[in-house]
Structures are given as structure tokens and as C-alpha cells.
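# Commentary on secondary and tertiary structure
Residue strings, one per chain:
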Amino acid sequence: MEFSAALRQLIKVPQNVAIFSHRNPDGDAIGSSLAMRHYLEQHGHTVHVLFPSEYPEEFEALPGAADILIWDLQPEECKQVINKKNLFIFLDFNALERIDKMGDYVRDLPAQRILIDHHLYPDPIADHIFSEPEASSTCELVYRFMDGLGDRDKVNPNTVGKCLYTGLVTDTGSFRYATNPSVFRIAADLVERGTDDVGVQDMIFNSQKEKNLRLLGHCLSNRMEFLPEFKTALIWLSRKDYELFDIQRGDTEGIVNYLLTIKDVKIAAFIHNQPTVVKLSLRSKGNIDVQEICKKHFKGGGHKNASGAFSHDSLKATIDKFKSILPEYKDKIWANA
Ligand code: 5GP
Ligand code: MN
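Keep in mind that what you see is a predicted model, and the values were worked out from it rather than measured.

Around ligand 1 there are 14 residues in total, and Arg98, His119, Lys279, Ser281 and Arg283 lie nearest to it. Gly301 places a main-chain nitrogen or oxygen 3.0 Å from a nitrogen atom of ligand 1. At 3.2 Å, a backbone N or O of Gly308 approaches an oxygen atom of ligand 1. Relative to its free-state accessible area of 500 Å², ligand 1 is covered by the protein chains to the extent of 81%. Broken down by secondary-structure element, the contributors of at least two residues to the shell around ligand 1 are β10 (278–284), β11 (301–302) and β12 (306–311).

Next comes the structure, spelled out in C-alpha cells:
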């Protein structure tokens with residue numbers, strides 16, 4: 001990472017900072033945002049974290065989570081806070097659409113902007129851009145940001161460390177994909193500093209409600225389709241399923257990954273009728289680029305092996321559309337098979 005003199009100065013002198021992350025915030029969005037907050041506060045900055053929508057319940061255990069402002073719940077309070085800020089930090093997203101109405105609100109406000117992210121194709125929305133699609137997670141980049149500024153001593157195990165470790169774990173599926181040597185070095189350093197790595201894994205994976213396991217069982221037993229011709233597996237959930245299983249924010253997180261555990265599956269799709277919109281989550285193995293599928297056919301995006309999009313068509317129309325585009329990718333799916 002390269003740091004300009006202007007950026008170093010910006011971090012060294014206390015500012016009024018707003019940290020933003022994306023809709024449906026995941027462990028990396030929350031981890032990187034709260035880690036950055038705890039880091040900047042040690043430099044004397046005044047910091048608020050703002051998300052467009054609520055975060056999954058398990059992350060309530062992260063230090064500072066309770067102070068996060070949610071635009072969907074309190075837009076006026078968010079505006080008042082944002083109006084006082086002179087530095088915006090955009091974490092784990094790279095286009096203002098990803099923060100919805102908050103993006104429109106901040107678009108023309110006079111503040112310096114820093115962007116730290118690992119999604120493909122960033123929009124030029126910041127003065128200082130740290131965009132590395134090869135990075136495992138935004139948390140990896142936030143660690144390298146702190147390290148590059150000579151501040152490893154500010155990586156406290158119970159605040160910055162715990163939050164960063166959360167993003168490393170969630171964005172790599174517990175160090176199973178999107179890894180690189182730097183992730184393991186960072187994880188080792190965090191643990192060496194005293195971060196409770198087992199505690200973080202427990203917070204994320206051993207904190208489910210009974211109903212979530214029953215929902216998973218329902219998805220695998222009753223809602224899964226396997227299309228061997230396209231090495232593709234799919235799980236769908238209807239609006240009725242949402243009512244039946246009382247599905248709340250975060251309850252469907254991770255379900256799509258179970259499809260990848262089938263040996264012959266190269267593409268996994270989770271298509272669910274959320275209360276207002278149909279959401280697609282695509283995952284892939286190896287060379288199959290689901291980011292391209294999401295972007296080209298559904299105006300979504302993300303990473304090569306993990307991408308998402310929204311559809312305003314019906315659930316059935318969206319599933320049919322997804323199935324209808326698979327022949328386009330058949331050769332690629334069967335290459336090196
Ligand atoms: P998920 O399927 O878990 O919601 O998201 C997988 C990845 O795709 C995440 O990195 C997420 O940020 C990105 N993503 C999800 N939905 C969208 C979307 O509608 N648009 C874009 N550009 N990216 C998305
Ligand atoms: Mn991420």
C-alpha cells in the first residue's frame with residue numbers, strides 16, 4: 001500500500017469521521033467498520049459508523065456494534081450525524097448504489113473520502129482509493145492500512161483485533177477460500193496479540209437459533225434442485241417460507257455454501273423471495289466467474305466466486321431466467337472436467 005503525504009496528514013490530525021458500509025452488512029463489512037472506528041479513536045478522531053440496513057444478530061457481540069446508526073431505522077439522525085462530518089470512509093463496497101439512499105445523500109457533500117475495498121471494478125468515488133480485488137477481505141486491507149501507517153501497536157486484541165478477525169473468518173469461510181499468504185500472517189499476528197480466535201468462531205458459527213437449523217433442513221430437503229448437466233445446484237425460498245420459518249435478517253446467511261459441498265457442483269445459487277425483492281446469491285468453484293453472470297444478467301456484482309444481485313421479477317421468473325442463462329456457460333462449466 002502506498003500512502004500520500006495528504007493521507008498521512010488526514011489520519012494524523014483528528015477529524016470528524018463517518019464510516020459507511022454496504023446494505024445487508026456481513027462480517028467483513030461490520031468487522032472492518034468497527035475495527036477502523038476503534039483504530040481512528042486512538043488517533044483522537046470522532047467517529048460514527050453508518051449502515052443502510054440492519055446487521056445479523058450474532059455481530060451484536062462485537063465491541064461498538066450497539067452504536068452503529070442504521071439509515072433504514074433512523075434516517076433523520078443519520079443525516080444530522082453525516083452533516084457534521086468532514087471525512088467519509090467507504091469500507092467493503094465500491095459504488096454508491098451499494099449504500100442505497102445514503103449514497104444519494106452523501107454523493108455531493110463536501111468531505112474528503114477514503115475507499116478501502118476488495119470488490120471488482122470500483123467507481124471513482126473517493127480521493128484516496130485502496131482497491132485490491134485480490135485481497136481476501138476488507139479486514140485484510142484495513143489491517144494493512146494500519147500496518148502501513150506504522151500503527152501495529154494500535155491493533156488491540158479485544159477491539160481492533162476481534163473485529164478484524166471476524167472479517168477474515170467470514171470472507172474466507174474460515175480460511176477455506178479467497179486466501180493468500182498475507183491472510184494467514186495477519187491471522188497469526190492477531191492471535192499472537194491476544195485476539196480470542198476461538199471466541200470469534202463461536203460468535204459466528206455456534207450462535208444459531210434452533211429455527212435456523214430447521215430452516216437449513218427445509219432448504220436441503222425440500223427446496224434444493226441439482227442440475228447435473230450444468231453442474232449447478234440451486235435452493236429457492238418463497239415468501240411463504242419466509243413466514244413459515246419466521247426468517248429475519250441474517251437467517252439465510254451461509255445456506256448457499258452447502259451446495260458447494262457437492263463434489264460435482266461448480267455453480268451454487270440461492271434465490272429467495274425477500275419481503276420486498278427477490279435476492280440472488282451465487283457462488284462458484286475455480287474458474288467460473290459468477291460476478292460476470294450477476295453483472296451481465298441481473299445488474300449485480302461482487303467477486304469472481306461470490307456474487308449477488310436483486311431482481312424485481314417474480315421468484316419463478318427469476319429462477320427461470322437463471323436456468324435459461326446456464327447453457328451460455330456450459331462449455332466453461334465442463335472445461336477441465
Ligand atoms: P451475498 O450473496 O452474500 O449477498 O453477496 C456476495 C458478494 O456479492 C458480496 O461481496 C456482496 O457485497 C456482493 N453483492 C451482493 N449483492 C450485490 C448486489 O446487488 N450488487 C453488487 N454490486 N454486489 C452485490
Ligand atoms: Mn468483503
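Don't stop here, the text continues.
Turning our attention to the environment of Asp189. As for its placement among the helices and strands, Asp189 is situated in helix α7 (residues 181–192). Spatially, the C-alpha atom of Asp189 lies 9.6 Å from that of Val155, the residues being 34 residues apart in sequence. In contact with Asp189, not counting residues within four places along its chain, are Tyr143 and Arg152. A polar contact is formed between the side chain of Asp189 and the side chain of Arg193, at a distance of 2.9 Å.

Of the strand pairs in this sheet, β10 and β12 are connected by 6 bridges, and their pairing is antiparallel. Within β12, the position partnered with Lys279 by the bridge is Phe310. Where β11 lies against β12, 2 bridges are found, and the strand directions are antiparallel. Bridge pairing in β12 links Gly301 to Gly308. The hairpin formed by β11 and β12 contains 3 residues between the paired strands.

One open sheet accounts for 6 strands, arranged β3-β2-β1-β4-β5-β6; its pairing is parallel. Lying at the two open borders of the sheet, with one neighbouring strand each, are β3 (69–70) and β6 (128–131). Inspection of the sheet shows strand β1 (residues 16–20) paired to strand β4 (residues 87–91) by 4 bridges, in the parallel sense. Its bridge partner being in β4, Ala18 is matched across the sheet by Phe88.

Thresholds, definitions, all that
- Residues numbered from 1 in each chain as written.
- Chains lettered and ligands numbered in written order.
- Predicted model: local features only at pLDDT ≥ 70, side-chain atom pairs only at ≥ 80, totals over all residues.
- Heavy atoms only, no water.
- Near = heavy atom within 4 Å.
- Polar contact = N/O pair within 3.5 Å; in protein donor to acceptor, adjacent residues only side chain to side chain.
- Areas by Shrake-Rupley, 256 points an atom, 1.4 Å probe, with all protein chains shown as cover.
- Helix = DSSP H or I, 4+ residues; strand = E, 2+ residues; numbered from the N terminus.
- Contact = heavy atoms within 4.5 Å.
- Pairing = 2+ DSSP bridges.

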